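# Inside the fold
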Amino acid sequence: MKFDEYNEKLKQIDQLIKHANTGTPKELAKQLRVSERTVRRFIEQLRIKNKSIRFCRKTKSYVIEN
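The structure contained in this document is the topic of the report that follows. (Residues numbered from 1 in each chain as written. Predicted model: local features only at pLDDT ≥ 70, side-chain atom pairs only at ≥ 80, totals over all residues. Heavy atoms only, no water.)

### Remarks on the pairing of strand E1 (residues 53-56)
- Across four bridges, E1 lies against strand E2 (residues 61-64) in antiparallel orientation. Along E2, the bridge assignment pairs Arg 54 with Val 63.
- Joining the antiparallel neighbours E1 and E2 is a turn of four residues, in which Lys 60 adopts a positive phi near 55°. (Pairing = 2+ DSSP bridges. Helix = DSSP H or I, 4+ residues; strand = E, 2+ residues; numbered from the N terminus.)

Here is the structure:
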């Protein structure tokens, strides 16, 4: 994956998380056309950037904690 493509997908995931609309890791991977493992790497990168992200089982989406 090229750097520009990587950053674009990272921004896309960040926006989906802000709207609590990511779906499960499997659904998000399918939507982005990447593997589930890659989705988890993206989430980890966002966490490193001082984002407190967790998966909410109730909404079945990643969310930003307060």
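### Overview of the nonpolar core
- Residues Ile 13, Ile 17, Leu 28, Val 39, Ile 43, Leu 46 and Ile 53 are the most contacted members of the largest nonpolar core, which totals 14 residues.
- Elements with a minimum of two residues in this core: helix H1 (3-18), helix H2 (25-32) and helix H3 (36-48).
- Among all residues touching Leu 28, those that are not within four sequence positions of it are Ile 13, Leu 16, Thr 22 and Val 39. (Core = buried A, V, L, I, M, F, W, Y, C linked by side-chain atoms within 4.5 Å. Buried < 20%, exposed > 50% of the residue type's maximum accessible area, 1.4 Å probe, protein only. Contact = heavy atoms within 4.5 Å.)

### Some points on the environment of Ile 43
- Note that Ile 43 resides in helix H3.
- Separated by 19 residues in the primary sequence, Ile 43 and Tyr 62 place their C-alpha atoms 8.9 Å from one another.
- Not counting residues within four places of it along the chain, the set of residues in contact with Ile 43 comprises Ile 13, Ile 17, Ile 53 and Tyr 62.

### Notes on the packing of aromatic side chains
- Under the criterion given, the structure shown has two aromatic pairs.
- Here Tyr 6 and Phe 42 contribute two aromatic rings whose centre-to-centre distance is 4.9 Å and whose plane-to-plane angle is 40°, an arrangement assigned as tilted. Here the residue Tyr 6 occupies a position in helix H1, and Phe 42 occupies one in helix H3, the gap between them amounting to 36 residues.
- For Tyr 6, a relative accessible area of 26% corresponds to the partly exposed category.
- Centre to centre, the rings of Phe 55 and Tyr 62 are 5.2 Å apart; their planes meet at 75°, and the pair counts as edge-to-face.
- Taking the relative accessible area as the measure of exposure, Phe 55 reaches 29% and is therefore partly exposed.
- With relative accessibility at 4%, the residue Tyr 62 sits in the buried group. (Phe/Tyr/Trp six-rings, centres within 6.5 Å; stacked < 30°, edge-to-face > 60°.)

### Here's the deal with the side chain of Lys 9
- For Lys 9, the location among the structural elements is in helix H1.
- One buried charged residue, Lys 9, forms no salt bridge at all, with the nearest opposite charge on Glu 5 at 4.0 Å.
- Those residues in contact with Lys 9 that lie beyond four places of it in its chain are Met 1, Leu 32, Val 34 and Phe 42. (Lys, Arg positive; Asp, Glu negative; His and termini not counted. Salt bridge = Lys/Arg side-chain N within 4 Å of Asp/Glu carboxyl O.)

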